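One-letter residues, chain by chain:
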Amino acid sequence: MPASYDLLKYLHVGCVALSGGGFVLRGTWMMRASPMLARRWVRITPHVLDTVLLASAIALALLIGQFPLVDTWLTAKILGLVAYIVLGTIALRRGRTRAVRIAAFWGALLVFAYIVAVAMTKSALPYVD
């Protein structure tokens, strides 16, 4: 693989770590009803970070020649990402009650763990193989 692959992979993995850590922090603030969630940088930073994360993911897929709907592990990651986004939105904004938001938060963390496991094993069923 070319050096650009390694750079993209490190950028992508770094963004995954920052994005996941940021989600845990915001989820903790949500559960504590912290006013930090209303801060401007807290609302903007995740969007910037996730844009870089998505762009690096697309660049990596193009570079290694693997594509969703062709490679099952990549399809599983994308479907997991959609579930993570939906659950994360419910957890941090759209959940009607605190209990719903907390349940969605834990669900999102489980999906996040699944996505990471799929990425590491390149298997849609990482806990079975």
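In what follows, the accompanying structure is described.

**Overview of the overall build of the protein chain**
- For the protein chain, the count of helices and strands is four helices and zero strands.
- Counted from the first residue to the last, the protein chain has its helices and strands arranged as α-α-α-α.
- By the burial criterion, 33% of the 129 residues in the protein chain qualify as buried.
- Carbon and sulfur atoms make up 71% of the accessible area of the protein chain, which totals about 8300 Å².
- In the protein chain, which carries 13 positive and 4 negative side-chain charges, the distance between the mean positions of the two groups comes to 22 Å.

**Quick notes on the packing of aromatic side chains**
- Taken as a whole and judged by the stated rule, the model has five aromatic pairs.
- For the ring pair Phe105 and Trp106, a centre distance of 5.3 Å and an interplane angle of 70 degrees mean the geometry is edge-to-face.
- Taking the relative accessible area as the measure of exposure, Phe105 reaches 2% and is therefore buried.
- Feature note: the residues Phe23, Tyr84, Phe105, Trp106 and Phe112 constitute an aromatic cluster, connected by ring pairs.
- Note that Lys122 overlies the ring of Trp73, its terminal NZ or CZ placed 4.8 Å from the centroid.

**Concerning the packing of helix 1 (residues 3–31) against helix 4 (residues 98–121)**
- The contact between helix 1 and helix 4 brings their axes to 10 Å, and the two run at 165 degrees. Considering the angle they form, helix 1 stands roughly antiparallel to helix 4. Between helix 1 and helix 4 lies a crossing whose hand is left-handed. Contacts between helix 1 and helix 4 involve Val16, Gly20, Phe23, Val24, Gly27, Met30 and Met31 on the former and, on the latter, Arg98, Arg101, Ile102, Phe105, Ala108, Leu109, Phe112 and Val116.
- Looking at side-chain class alone, the contact of helix 1 with helix 4 contains 11 nonpolar, two polar and two charged residues.

**A closer look at helix 3 (residues 72–94)**
- Taking 1.5 Å per residue as the helical rise, helix 3 with its 23 residues ought to reach 33 Å, and the 31 Å between its terminal C-alpha atoms agrees with that figure.
- The complete set of buried residues in helix 3 reads Trp73, Leu74, Thr75, Ala76, Lys77, Gly80, Tyr84, Gly88, Ala91 and Leu92.
- Contacts made by the buried residues of helix 3 are with helix 1, helix 2 (40–64) and helix 4.

**Description of unusual backbone geometry**
- At Ala33, a position not held by glycine, the phi torsion is positive, near 55 degrees.
- Ala33 sits in the exposed class, given a relative accessible area of 66%.
- Despite not being glycine, Leu69 has its phi angle at roughly 70 degrees, a positive value.
- Topologically, Leu69 is positioned in the loop between helix 2 and helix 3.

What counts as what
Residues numbered from 1 in each chain as written. Predicted model: local features only at pLDDT ≥ 70, side-chain atom pairs only at ≥ 80, totals over all residues. Heavy atoms only, no water. Helix = DSSP H or I, 4+ residues; strand = E, 2+ residues; numbered from the N terminus. Buried < 20%, exposed > 50% of the residue type's maximum accessible area, 1.4 Å probe, protein only. Areas by Shrake-Rupley, 256 points an atom, 1.4 Å probe, with all protein chains shown as cover. Lys, Arg positive; Asp, Glu negative; His and termini not counted. Charge placed at Lys NZ, Arg CZ, Asp CG, Glu CD. Phe/Tyr/Trp six-rings, centres within 6.5 Å; stacked < 30°, edge-to-face > 60°. Lys NZ or Arg CZ within 6 Å of the ring centre and 35° of its normal. Axes fitted to C-alpha atoms, helices over the stretch in contact; angles between N-to-C directions. Parallel < 35°, antiparallel > 145°, perpendicular 65-115°, else oblique. Left-handed = near helix turned anticlockwise from the far one by under 90°. Contact = heavy atoms within 4.5 Å. Nonpolar A, V, L, I, M, F, W, Y, C, P; charged D, E, K, R; others polar. Expected span 1.5 Å × (residues − 1).

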